[in-house]
Amino acid sequence: MRTICFYFQVHQPYRLKPYRFFDIGEDHYYWDDFANKSIMRKVAEKCYLPMNQLLLELIQKYDGKFKVSFSLSGVFMDQMEEYAPDVLESFQKLVATGHAELLNETYAHALAALKSKEEFHDMVRKQQDKIKKLFNGYTPKVFRNTELIYSDVIGEMVAELGYEAILTEGAKHILGWKSPNYVYCNAIEPKLKVLLKNFRLSDDIAFRFGEKAWADWPLTTDKFVNWINQIPQEEEVINLFMDYETFGEHQWAESGIFDFMSHLPEAVFSNSNFTFSTPSEVVKEVPPVGKIHVPVPISWADEERDLTAWLGNDLQDEAFDRLYELEHLVKQSKDPEIQKDWKYLQTSDHFYYMCTKFFSDGDIHAYFSPYESPYEAFINYMNVLSDFMLRLKKEQETPVVE
């Protein structure tokens, strides 16, 4: 079996509005509704709607032989319901074909796996319930943790929830001489299969496609198929994992990205012995070659493929620690607004905006941030968190009326 596994991450955070020190204790609504709606609608028109239509046409054209998979964050699904029901309907049509697999993740696209097993499991179950509600009882079999963050212990937690497989980064410092083009298994719980991203080929599409200074620009389907044909025959699976916003948003339509995807299946079918498979099909058909040992968490991000994009400086660590110090109080709260805000405040993007990395990685972080600086992101977040603390303490102090 020689197959390509396409996986797309679909996520939009609930962005915080500018929240001043003087708002603490006075204003308990934190979210920038205008920005969230306008960004969702912009990306819907540039990416989600045209790309979903293209994928639907490809699935139909090739009678289901072309297949893809998605992870839709819970906060993204909330925003589809609120701002983009047409996008939700287009995803529902794709899933209904039976050739677009949904994966599960944490509801709020959170870093909970690094801090609280209880909260992590709560987030995963909440996400599962949301998928069932919106996609006719659909139950994912494969898991994708936030930002592809994975370790042996995180894999064990995922296995406890009954998933067959997990996706993560094919980080060089973990693989060593090994190839990402095999199926592996978790080092603690071998029944959990591990699919590793081929980051070179994935990033050729996601990051380098429109870069005219790239030595291999322009990337054509013939060139791409020639590259995959050079992969040794015994390496059976090419995992192409990327943000869905690659198509039309990060790589504009003018770059030719939609044309590339439109012609890729035909080029693969005509000029290679590769097929397309979903993650659950891969783990069903391809046995693992051995365990992959990941003692320290890895991710997709930056050259290091570690956690420093989210937890790499004092600002991020302070915000992260203060947030999860509130978990025990939140668990006692009966206020649905507090519960909702607690989930949304855990979204990894808030910590990504606080990253102080420089050079090429720093440019990427700045591109995605709505703030002028990481320090502004930190101050705004901590102001909101201060108000959130006051709400929790006030609820604790309010006597229950029988």
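Source: prediction; values computed, not measured.

Reading the values: rules and limits
- Residues numbered from 1 in each chain as written.
- Predicted model: local features only at pLDDT ≥ 70, side-chain atom pairs only at ≥ 80, totals over all residues.
- Heavy atoms only, no water.
- Phe/Tyr/Trp six-rings, centres within 6.5 Å; stacked < 30°, edge-to-face > 60°.
- Lys NZ or Arg CZ within 6 Å of the ring centre and 35° of its normal.
- Helix = DSSP H or I, 4+ residues; strand = E, 2+ residues; numbered from the N terminus.
- Buried < 20%, exposed > 50% of the residue type's maximum accessible area, 1.4 Å probe, protein only.
- Polar contact = N/O pair within 3.5 Å; in protein donor to acceptor, adjacent residues only side chain to side chain.
- Contact = heavy atoms within 4.5 Å.
- UniProt positions renumbered as here; feature names shortened; annotations may be inferred.
- Core = buried A, V, L, I, M, F, W, Y, C linked by side-chain atoms within 4.5 Å.
- Axes fitted to C-alpha atoms, helices over the stretch in contact; angles between N-to-C directions.
- Parallel < 35°, antiparallel > 145°, perpendicular 65-115°, else oblique.
- Left-handed = near helix turned anticlockwise from the far one by under 90°.
- Nonpolar A, V, L, I, M, F, W, Y, C, P; charged D, E, K, R; others polar.
- Pairing = 2+ DSSP bridges.
- Right-handed = clockwise from strand over helix to strand, strands pointing away.
- Salt bridge = Lys/Arg side-chain N within 4 Å of Asp/Glu carboxyl O.

### Looking at the packing of aromatic side chains
To describe a pair of aromatic rings, you give the distance between the ring centres and the angle between the ring planes. Here the structure, examined in full by the defined rule, presents 35 aromatic pairs. Aromatic rings pair up to connect F6, F8, Y48, Y62, F66, F70, F76, F91, Y244, F247, F269 and F276 into one cluster. Cation over ring: K126 sits above Y107, and NZ or CZ is 4.7 Å from the ring centre. For R200, the ring lying beneath its charged end belongs to W227, and the centroid distance is 6.0 Å.

### Thoughts on the side chain of N186
Counting through the fold element by element, N186 comes out in strand β6 (residues 183-186). The buried category is assigned to N186, whose relative accessible area is 0%. Among the polar contacts listed, one links the side chain of N186 to the backbone oxygen of D152, at a separation of 3.1 Å. Those residues within four positions of N186 in sequence are excluded, and the remaining contacts are Y150, S151, D152, G155, E156, L192, V194 and K291.

### Let's talk about the UniProt feature "domain: Glycoside hydrolase family 57 N-terminal" (unreviewed entry) in the protein
The feature "domain: Glycoside hydrolase family 57 N-terminal" (unreviewed entry), as given by UniProt, occupies residues 6-295 in the numbering adopted here. When the span residues 6-295 is considered, its composition is 42% helix and 14% strand, and the gap between its end C-alpha atoms is 27 Å.

### Remarks on the nonpolar core
One broad rule of soluble globular proteins: the nonpolar side chains tend to lie buried together. Judged by nonpolar contacts, the single largest core of 140 residues is most densely connected at F6, F70 and Y244. Among the elements that make up this core, the one with the highest residue count is helix α1 (residues 33-61) (eleven residues). If we ignore the near neighbours within four places in the chain, the residues touching F6 are F66, K67, V68, S69, L240, M242, M261, L264, F276 and S277.

### Overview of helix α2 (residues 74-83)
Taken across its ten residues, α2 has eight buried, putting it largely inside the fold. Here α2 has its buried residues at G74, V75, F76, M77, D78, Q79, M80 and Y83. Those residues of α2 hidden inside the fold are in contact with β1 (3-10), α1, β2 (68-72), α3 (85-96), α4 (117-134) and α13 (336-345).

### Focus on the environment of K67
Within the secondary structure layout, K67 lies in the loop between α1 and β2. Each C-alpha atom, one on K67 and one on E318, is 42 Å from the other, the two residues being 251 residues apart in sequence. Setting aside its immediate chain neighbours within four residues, K67 contacts F6, H99, F276, S277, T278 and E281. One polar contact links K67 to E281, side chain to side chain, over a distance of 2.9 Å.

### Points about α13
Listing the buried residues of α13 in full gives I338, D341, W342, K343, Y344 and L345. In the core, the buried residues of α13 are packed alongside α2, α4, α11 (314-324), α12 (327-332), α14 (349-352) and α16 (374-397). A side-chain oxygen of the first residue of α13 lies 2.9 Å from the backbone nitrogen of E337; this N-cap is D335.

### Quick notes on the packing of α1 against helix α9 (residues 257-271)
Contact geometry of α1 with α9 gives a least axis separation of 10 Å together with a crossing angle of 15°. By the angle between their directions, the pair α1 and α9 is classed as roughly parallel. Once α1 is placed against α9, the crossing between them reads as right-handed. Touching K46, P50, M51, L54 and L58 of α1 are F258, M261, S262 and P265, all from α9. Residues belonging to the contact of α1 with α9 are distributed by class as follows: seven nonpolar, one polar and one charged.

### So, the sheet that holds strand β5 (residues 165-169)
Strand order in this open sheet of five strands is β4-β5-β7-β6-β10, and the pairing throughout is mixed. Two strands lie at the open edges of the sheet, namely β4 (142-144) and β10 (291-292), each paired on one side alone.

### Things to note about the pairing of β2
On any regular strand, side chains alternate: one points to one face of the sheet, the next to the other face. Taking burial as the measure, the five residues of β2 include five buried ones, the bulk of the element. Neither face of β2 is left uncovered, since the one carrying V68, F70 and L72 and the one carrying S69 and S71 both have all their residues buried. By the bridge criterion, four bridges tie β1 to β2 in an arrangement that is parallel. Paired with Q9 across the two strands is S71, which belongs to β2. For the crossover that starts at β1, traverses α1 and ends in the parallel β2, the hand is right-handed. The pairing of β2 with strand β3 (residues 100-102) spans three bridges and is parallel. Residue F70 lies in a different strand from β3, and its bridge partner there is L102.

### Things to note about the pattern of salt bridges
A complete count under the given rule lists 30 salt bridges for this structure. In this structure, R41 and E45 form a salt bridge, with 2.8 Å as the shortest nitrogen-oxygen distance. With a gap of four residues between them, R41 and E45 both fall in helix α1, about one helical turn apart. We classify R41 as partly exposed; its relative accessible area is 23%. Given the relative accessible area of 48%, E45 is considered partly exposed. Of the charged contacts, one joins K357 and E304 as a salt bridge, the two residues approaching to 3.0 Å between their closest N and O atoms. Of the two residues, K357 is situated in the loop between α14 and α15 (359-368) and E304 in the loop between β10 and α11; the sequence distance between them amounts to 53 residues. Overlapping salt bridges, with partners in common, bring together E119, D122, R125, K331 and K343 in one network.

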